[in-house]
Amino acid sequence: MDYVTLGRGGPRVSAVGLGMWQAGGKNWGKDVRDADCRKAMARAVELGINLVDTAEVYGDGHSEEVVGAAIRDVGRDNVFLATKVSGDHLRADDVGKACRGSLRRLGVRELDLYQVHWLALWDQVPLRETMKALERLEREGKIRHIGVSNFAAHDLEEARSHLSRTDILSNQVQYSLVHREIEAVTLPYCQREGIGVLAWSPMGRGVLTGKYHASRRPKDSIRSDDSLFKPGNLRALRPLVSALRRTGEAHGRTPAQVAVAWTRHRAGVVPIPGAKRPAQAEEHAGAAGWSLTGVEKRLLDRLSGSLRLDTF
Ligand SMILES: NC(=O)c1ccc[n+]([C@@H]2O[C@H](COP(=O)([O-])OP(=O)(O)OC[C@H]3O[C@@H](n4cnc5c(N)ncnc54)[C@H](OP(=O)(O)O)[C@@H]3O)[C@@H](O)[C@H]2O)c1
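Within each chain, residue numbers correspond to sequence positions counted from 1 in written order. Given that the model is predicted, a residue must reach a pLDDT of at least 70 before its local features are reported, and side-chain atom pairs must reach 80 or more before they are shown or counted; all residues, however, enter totals for whole chains, interfaces and linings.

A.B. asks: Could you give an account of the overall build of the protein chain, naming the residues involved and the relevant values?
C.D. replies: Counting its regular elements, the protein chain contains 11 helices and 10 strands. Computed over its C-alpha atoms, the radius of gyration of the protein chain comes to 19 Å, within 12% of the 20 Å expected for a compact globule of 312 residues. Principal-axis analysis of the C-alpha atoms places the extent of the protein chain at approximately 50 × 40 × 35 Å. Exposed residues have 12 or fewer other C-beta atoms within 10 Å of their own C-beta, buried residues have 20 or more, and partly exposed residues fall in between, where C-beta atoms are placed from the backbone. A total of 312 residues make up the protein chain; the buried ones form 48% of that total. The contact criterion used is a C-beta to C-beta distance within 7 Å, with each C-beta placed from the backbone. The contacts of the protein chain with a sequence gap of at least 6 include a subset with a gap of at least 24, amounting to 77%. Helix and strand definitions follow DSSP, with helices as H or I runs of at least four residues and strands as E runs of at least two, each counted in order from the N terminus. The globule rule used here is 2.2 Å times the number of residues to the 0.38 power, and the radius of gyration it is set against is calculated over C-alpha atoms.

A.B. asks: Report on the sheet that holds strand β5 (residues 80-85), specifying residues and quantitative values.
C.D. replies: Strand order in this open sheet of eight strands is β3-β4-β5-β6-β7-β8-β9-β10, and the pairing throughout is parallel. Looking at strand neighbours, the two that pair on one side only are β3 (18-19) and β10 (269-271), the edges of this open sheet. If DSSP finds at least two bridges between two strands, the strands pair. Judged from the three bridges that link them, strand β9 (residues 196-200) and β10 form a sheet pairing that is parallel. Of the residues in β10, the one forming a bridge with V197 is V269.

A.B. asks: How would you summarise the environment of S86 if you had to cite specific residues and measurements?
C.D. replies: Among the secondary structure elements, S86 is positioned in the loop between β5 and α3 (92-106). For S86, a count of 16 C-beta atoms within 10 Å puts it in the partly exposed group. Sequence spacing of S86 and W118 is 32 residues, and the spatial spacing of their C-alpha atoms is 6.8 Å. Residue contacts for S86: discarding those within four places in its chain leaves E56, V57, A98 and H117.

A.B. asks: Could you give an account of the packing of helix α2 (residues 62-74) against α3, naming the residues involved and the relevant values?
C.D. replies: Following both chains from N to C, one finds α2 and α3 inclined at 45 degrees, their axes separated by 7 Å at the closest point. Taken together, the axes of α2 and α3 lie oblique to each other. In contact with E64, E65, V67, G68 and I71 of α2, α3 contributes S102, R105 and L106. Each residue receives one of three labels: charged for Asp, Glu, Lys and Arg, nonpolar for Ala, Val, Leu, Ile, Met, Phe, Trp, Tyr, Cys and Pro, and polar for the others, Gly being one of them. When grouped by side-chain class, the residues that make up the contact of α2 with α3 number three nonpolar, two polar and three charged. For helices, the axis comes from a line fit to the C-alpha atoms of the stretch in contact; other axes are also lines fit to C-alpha atoms, and the angle between any two N-to-C directions lies between 0 and 180 degrees. Geometric relationships in this document are graded by angle, where less than 35 degrees denotes roughly parallel, more than 145 denotes roughly antiparallel, 65 to 115 denotes roughly perpendicular, and other angles denote oblique.

A.B. asks: Let's hear about the pairing of strand β8 (residues 168-174): which residues, and what values?
C.D. replies: Burial of β8 is extensive: six of the seven residues sit out of reach of the surface. As paired elements, strand β7 (residues 143-149) and β8 share four bridges and run parallel to each other. Looking at β8, one finds that V148 is bridged to N171. Sheet topology note: the β8/β9 ladder contains five bridges and is parallel. Opposite V173, over in β9, you have A199 as the bridge partner.

A.B. asks: Residue-level account of the packing of helix α1 (residues 34-46) against helix α10 (residues 278-285), with values.
C.D. replies: The contact between α1 and α10 brings their axes to 7 Å, and the two run at 25 degrees. Taken as axis vectors, α1 and α10 run roughly parallel relative to one another. Crossing of α1 over α10 shows right-handed handedness. Here K39, A40, R43 and A44 of α1 lie close against α10, whose contacting residues are P278, Q280, A281, E282, H284 and A285. Among the residues forming the contact of α1 with α10, the class breakdown is five nonpolar, two polar and three charged. Crossing chirality is assigned from the near helix's rotation relative to the far helix, an anticlockwise turn below a right angle marking it left-handed and a clockwise turn marking it right-handed.

A.B. asks: Could you give an account of the pairing of β7, naming the residues involved and the relevant values?
C.D. replies: For a regular strand, side-chain orientation follows a simple rule: the groups alternate between the two sheet faces. Of all seven residues in β7, six are buried, a share of seventy percent or more. Viewed with both strands pointing away, a crossover whose connecting path from the first strand over the helix to the second turns clockwise is right-handed. Taking the sense of rotation as the criterion, the β-α-β connection linking strand β6 (residues 111-116), helix α4 (residues 127-139) and β7 turns out right-handed. Since β7 and β8 lie parallel, the crossover through helix α5 (residues 153-161) that links them has a hand, and here it is right-handed.

A.B. asks: Explain helix α11 (residues 294-305) to me, using residue names and the numbers behind them.
C.D. replies: Here, expected helix span is obtained from the residue count minus one, scaled by 1.5 Å. The end-to-end C-alpha distance of α11 is 16 Å, a good match for the 16 Å that 12 residues give at a rise of 1.5 Å each. Within the span of α11, buried status applies to E296, L300 and S304. Take α11 and look down its axis: the buried residues cluster within an arc of 60 degrees, on one side only. More than 90 degrees from the buried face of α11, the exposed residues found are G294, V295, R298, R302 and G305. For α11, the elements touching its buried residues are α8 (238-251) and α9 (255-264). Relevant arc is that of directions from the helix axis to the C-beta atoms, nothing else.

A.B. asks: Any chance you could break down α10 for me, citing the residues and the numbers?
C.D. replies: Buried within α10 are the following residues: Q280, A281, H284 and A285. The arc that holds the buried residues of α10, viewed along the axis, is 145 degrees, so those residues lie on one side.

A.B. asks: Break down the nonpolar core for me, citing the residues and quoting the values.
C.D. replies: Nonpolar cores are identified as sets of buried Ala, Val, Leu, Ile, Met, Phe, Trp, Tyr and Cys residues joined via C-beta atoms within 7 Å. One finds L18 and M41 to be the most contacted residues of the largest nonpolar core, which totals 89 residues. In terms of residue count, the dominant contributor to this core is α9 (six residues). Once you skip the residues sitting within four places of it in the chain, M41 turns out to touch L18, M20, V52, V67 and A70.

A.B. asks: Which residues make up the environment of A261, and what are the values?
C.D. replies: Structurally, A261 can be placed in helix α9. For A261, a count of 28 C-beta atoms within 10 Å corresponds to the buried category. With 177 residues separating them in the primary sequence, A261 and K84 have C-alpha atoms 25 Å apart. Ignoring sequence-local partners within four residues, the contact set of A261 consists of A287 and L292.

Quick look at the structure:
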């Protein structure tokens, strides 16, 4: 496994992390089982993946419980543990309470990275209040680093202006060959300012793995309404998926591994692909340790850049 520095002067983490939303339960499909998710995380750590991402909202805390069980299997020191406070819990008192809940479910004394999952849109909690509460947790030794998720550059600017002791380590955002919106402003801002980027859904929730087509679409509640899996979009994605397959063959890798590797080739970006079982985690580990050629990157860039997907 390769290791990279997350954010400027930040901790060393594996070049590919592991997303554990899947451990939240059956929302990701009938085939999700706690034992498999726990083993997936153990296998990932065995192969050198140390960055593991979860959130209090995933399965209403269940993902954190499964991750906590896996931590007991693999050892606390072998995991860079990232979780998130829900955008509904951003009042100062709620941030403290949410953190205590996550620590309890995860069975740890300190979180390595505590991220604001999303900005409070409806109740307009002042960002200052949330950031001060996070800084208090850092001062108390309950969290080592402060992170955010789904923040635009101007949100990052404001959030950082409220921190006096520390800076934001990372911004977790959607990034893949089918979602490149961050390339316009957010990614350049993070690269310039030394804020790490954790790429969520690096396989486009599985659409880039090549296993889904018009007659085989995911039926779980998370993806059945996702426009990416509309039959017309699955058809439009065929040239890109074929290129992922051909590129993978040249390196002895799968399309999923090429899709994850493509995100990893952007400076400062660490993908966190999700896994339901050990075999998927094993594939994620194999998305690191090798490189796409310039020609391959340009081909994938061009095919993804010319996609016209129906997102409505
Ligand atoms: N911050 C946020 O707002 C936010 C939002 C979304 C996700 N996340 C985080 O990012 C992580 C990853 O994102 P994601 O789970 O949405 O999308 P993803 O990683 O792009 O896709 C995950 C899905 O792909 C399939 N898969 C995994 N490995 C595979 C392989 N080797 N071959 C074929 N299919 C494979 C699995 O589903 P099937 O086998 O059923 O196809 C899995 O559930 C999450 O676990 C979570 O930690 C964060």
